[in-house]
Amino acid sequence: MDRFLVEGGHKLKGTVKISGSKNACLPILVASLLTDDKFVLHRVPNLRDVRTTLKILTALGKKVSYENGTVTICADGKLKNTLPYELVKQMRASFWVAGPLLARFKSAEIPLPGGCALGARPVDIHLKGFERLGATCKTERGNVILSAKELRPAKITLRFPSVGATQNLMMCAALIPGETVLENVAKEPEIDDVSAVLCEMGAEVFNDGKGRLIIRGKKQLHGTEHTVVADRIESGSYMLAAAAARGDVRVENCVPEHNSILLDLLQEAGVPLEIGVDFVHIKPYDSPLKPQRIKTAPYPGFATDLQAPWMTLMTLAGGASEVDEDIFENRFMHAPELVRMGAEILTEKSIARINGVKQLSGAHVMASDLRGGFALLMAGLCASGTTEIERVYHIDRGYENPEGKLNAIGAKITRYNPDKDDF
Ligand code: EPZ
């Protein structure tokens, strides 16, 4: 398995170009199941999770090609409506296929996604929504079995604004003629991108201004050609890496307003930055970082996916800060690894208390999830000496060519595989 060797202390200066959003392109690729027409998606990042999703679409009977960031999906005979466990266990988002398959076949059998490092991650909100649309859901031998005589539009209130459940239900409702109303939905920008695609395919999807998502479904949907929105978690991650390393970095091809709460916090912490239409320029600074308190929340609150990279920044602040992880029950796995690099962090339930230190020191650490892995990479950039990061495959799930993008602005990161490279 690949590792990163990170030589710390190099000045970061230059431009990082942001890729298309992982968390938008995964559901949008799945939306191609709603039609037999040709479906083209541009600005698809070359990530492990994207390749897994393309394998899932192929396993379901689609013909898929992926070249220079463009995915082309065509029908290739009859679609299947069951998915092998092998693929689902690799990526929880594979459960998103349930909505489109239920809508097309009125039945689907999908392995229940297990928990992951972040926690149990149940899918009860998805299943309750499918039941409201007229399906029966049962779980047998680790599989969710969905079936419906007929599906009908419904008014569904989500008990929590789950991103995945919102997307799954939107896609199912897009093929149910009539008006489905989803209340207490997720408002992440990725949801807007999925809405735009469903509208391009012939459904009517819009916000009624009272936080409700209205989906007027159609009997049949047609293909489309779409370009994925910029990845706000990748852009936020590089802004934090630049701030932690006190570099001079322009993060380009992003949507600054998708990171507005992070930008406010960076400015409150004393990081000088310039905000453009499609870029944010993080500027060098000498003054001590002012510690901040954050609590993760559904969008537009502080993104849980940026909590780990944010924590790395706070390990270098001039004082005590606090992080309250309110979305996932186990999303502090990067903390003990940062402590091994000299950070002072105490975690208790959903709270992490951090005492800033002057400098981190390089160590041999292990990534446990994609955002925590990036947090360790950030720490390695700022630490004295060399940091070796194991299980880089976690980082590859959510960041396209991270060492390439960082080495292009002055970092010294080497990717190697101890089983293969005689390093
Ligand atoms: C999406 O996951 C993202 N993944 C996650 O990004 C992100 O952290 C998360 O949204 C929150 O923003 C993709 O988009 C592929 P949720 P999702 O349903 O949809 C609980 C990354 O780093 N819940 O909003 O699975 C759940 O356990 C990944 O890119 C239920 O209890 O997140 C969690 O505590 C990690 N029942 C909370 O809600 C349900 O039926 C938020 O989950 C569904 C969710």
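Bear in mind that the values here come from a model prediction, so they are computed numbers and not experimental data.

What counts, and where the lines are drawn
- Residues numbered from 1 in each chain as written.
- Predicted model: local features only at pLDDT ≥ 70, side-chain atom pairs only at ≥ 80, totals over all residues.
- Heavy atoms only, no water.
- Helix = DSSP H or I, 4+ residues; strand = E, 2+ residues; numbered from the N terminus.
- Rg over C-alpha atoms; globule rule 2.2 N^0.38 Å.
- Areas by Shrake-Rupley, 256 points an atom, 1.4 Å probe, with all protein chains shown as cover.
- Lys, Arg positive; Asp, Glu negative; His and termini not counted.
- Charge placed at Lys NZ, Arg CZ, Asp CG, Glu CD.
- Axes fitted to C-alpha atoms, helices over the stretch in contact; angles between N-to-C directions.
- Parallel < 35°, antiparallel > 145°, perpendicular 65-115°, else oblique.
- Contact = heavy atoms within 4.5 Å.
- 1 Å grid on protein atoms, 1.4 Å probe; cavity = no way out; pocket = protein on both sides within 12 Å on 5 of 7 lines; lining within 4 Å.
- Points joined across faces, edges and corners; volume = space filled by probe spheres on them.
- Near = heavy atom within 4 Å.
- Polar contact = N/O pair within 3.5 Å; in protein donor to acceptor, adjacent residues only side chain to side chain.
- Domains from an automatic or database assignment.
- Buried area = accessible area lost by both parts, 1.4 Å probe.
- Salt bridge = Lys/Arg side-chain N within 4 Å of Asp/Glu carboxyl O.
- Nonpolar A, V, L, I, M, F, W, Y, C, P; charged D, E, K, R; others polar.
- Pairing = 2+ DSSP bridges.
- Core = buried A, V, L, I, M, F, W, Y, C linked by side-chain atoms within 4.5 Å.
- Buried < 20%, exposed > 50% of the residue type's maximum accessible area, 1.4 Å probe, protein only.
- Expected span 1.5 Å × (residues − 1).

### Focus: the overall build of the protein chain
Then step 1. Counting its regular elements, the protein chain contains 14 helices and 23 strands.
Then step 2. Here the protein chain has a C-alpha radius of gyration of 22 Å; the compact-globule value for 423 residues is 22 Å, and the two agree.
Then step 3. Once the C-alpha set of the protein chain is aligned to its principal axes, its extents read approximately 65 × 50 × 40 Å.
Then step 4. In the structure as shown, the protein chain presents an accessible area of about 16900 Å², 50% of it carried by carbon and sulfur atoms.
Then step 5. Taken as two groups, the 52 positive and 51 negative side-chain charges of the protein chain have centres that lie 4 Å from each other.

### Let's talk about the packing of helix α1 (residues 22–31) against helix α2 (residues 48–59)
Then step 1. One way to put it is that α1 packs onto α2 with a least axis distance of 10 Å and a crossing angle of 5 degrees. Between α1 and α2, the interaxial angle falls into the category roughly parallel. Across from Lys22, Cys25, Leu26, Leu29 and Val30 in α1, the residues of α2 making contact are Asp49, Val50, Thr53, Leu54 and Leu57.

### Quick look at empty space enclosed by the protein
Then step 1. Applying the stated rule across the entire model yields three cavities of 30 Å³ or more.
Then step 2. A volume near 90 Å³ is recorded for the largest cavity.
Then step 3. Around the largest cavity, the lining is made up of 13 residues, and of these His258, Asn259, Ile261, Gly301 and Ala303 lie nearest the centre.
Then step 4. Counting residues per element, the ones that place at least two in the lining of the largest cavity are α8 (232–244) and α9 (260–268).

### Some thoughts on the site of the ligand
Then step 1. Within the structure, the ligand sits among 24 residues, and Ser162, Gly164, Asp305, Ile327 and Arg371 are positioned closest to it.
Then step 2. A distance of 3.3 Å is found between an oxygen atom of the ligand and a backbone nitrogen or oxygen belonging to proline 122.
Then step 3. The contact in question runs from an oxygen atom of the ligand to an N or O atom on the side chain of arginine 159, over 2.9 Å.
Then step 4. For the ligand, whose unbound accessible area comes to 810 Å², protein coverage reaches 92%.

### Quick look at the domain arrangement of the protein chain
Then step 1. Assigned domains of the protein chain: these are domain 1 (3–19 + 230–416) and domain 2 (22–227).
Then step 2. Here the C-alpha centroids of domain 1 and domain 2 sit 31 Å apart.
Then step 3. The partner domain 2 presents 22 residues to the 26 residues of domain 1 that form the contact.
Then step 4. Summed over both partners, the interface of domain 1 with domain 2 comes to about 1900 Å²; 54% of that surface belongs to carbon and sulfur atoms.
Then step 5. Per-residue buried area on domain 1 facing domain 2 is highest for Tyr299, Arg397 and Glu400; these three make up 31% of the total on that side.
Then step 6. Where domain 1 packs against domain 2, one counts two salt bridges.
Then step 7. Between arginine 397 and aspartate 49 there is a salt bridge whose closest N-O contact spans 2.8 Å.
Then step 8. Elements with a contribution of two residues or more to the side of domain 1 that touches domain 2: α12 (370–382) and α13 (393–398).
Then step 9. When residues of the side of domain 1 that touches domain 2 are assigned to their parent elements, the largest contribution, four residues, is made by α13.
Then step 10. Along the lines of polarity and charge, the residues of the side of domain 1 that touches domain 2 split into 10 nonpolar, six polar and 10 charged.

### So, the sheet that holds strand β6 (residues 107–111)
Then step 1. Pairing within the open sheet is antiparallel, and its three strands lie in the order β6-β8-β7. Looking along the sheet, the strands with just one partner apiece sit at the ends: β6 and β7 (136–140). Ignoring strand direction, the axes of neighbouring strands in this sheet form an average angle of 15 degrees.
Then step 2. Direction of pairing for β6 relative to strand β8 (residues 143–147): antiparallel, over a ladder of five bridges. Considered in β8, the bridge of alanine 108 is made with leucine 146.
Then step 3. Contacts between helix α4 (residues 98–105) and the sheet are confined to β6 and β8, with β6 contributing the most and set at about 155 degrees to the helix.

### Here we look at the sheet that holds strand β23 (residues 412–416)
Then step 1. Strand order across the open sheet formed by four strands is β21-β22-β1-β23, with mixed pairing between neighbours. Looking along the sheet, the strands with just one partner apiece sit at the ends: β21 (364–366) and β23. The sheet shows a mean angle of 20 degrees between the axes of neighbouring strands, taken without regard to direction.

### Description of the layout of surface pockets
Then step 1. Space inside the second largest pocket adds up to approximately 400 Å³.
Then step 2. What lines the second largest pocket is a set of 17 residues, and nearest its centre among them are Ala244, Arg246, Leu316, Lys358 and Cys382.

### Some words on the nonpolar core
For soluble globular proteins, nonpolar side chains are generally found buried alongside one another.
Then step 1. Core analysis: the largest hydrophobic core is formed by 73 residues, its most contacted members being Val97, Ile110, Phe130, Leu146, Met170 and Leu198.
Then step 2. At seven residues, α1 tops the list of elements feeding residues into this core.
Then step 3. Excluding its chain neighbours within four sequence positions, the residues that come into contact with leucine 146 are Ala98, Leu102, Lys106, Ser107, Ala108, Leu127, Phe130, Thr136 and Cys137.
Then step 4. Core analysis: the second largest hydrophobic core is formed by 69 residues, Leu265, Ile294, Trp310 and Val392 among them.

### Structural notes on helix α7 (residues 189–200)
Spacing of three or four residues puts side chains on the same side of an α-helix, whose turn is 3.6 residues.
Then step 1. The terminal C-alpha atoms of α7, which comprises 12 residues, lie 17 Å apart, in line with the 16 Å expected from a rise of 1.5 Å per residue.
Then step 2. When we look at burial in α7, the residues that qualify are Pro189, Glu190, Ile191, Asp193, Val194, Ser195, Val197 and Leu198.
Then step 3. Glycine 202 lies just past α7 and shows a positive phi near 115 degrees.

### Section: unusual backbone geometry
Then step 1. For the bond running from tyrosine 299 to proline 300, omega is 10 degrees, close enough to zero to count as cis.
Then step 2. With respect to the helices and strands, proline 300 occurs in the loop between β17 (293–295) and α10 (307–314).
Then step 3. In this model, asparagine 184 sits at a positive phi of 60 degrees, which is unusual for a non-glycine residue.
Then step 4. Locating asparagine 184 in the fold gives a position in the loop between β10 (178–183) and α7.
Then step 5. We classify asparagine 184 as partly exposed; its relative accessible area is 32%.
Then step 6. Here asparagine 401, not a glycine, exhibits a phi torsion of approximately 50 degrees, which is positive.
Then step 7. Within the fold, asparagine 401 resides in the loop between α13 and α14 (402–407).

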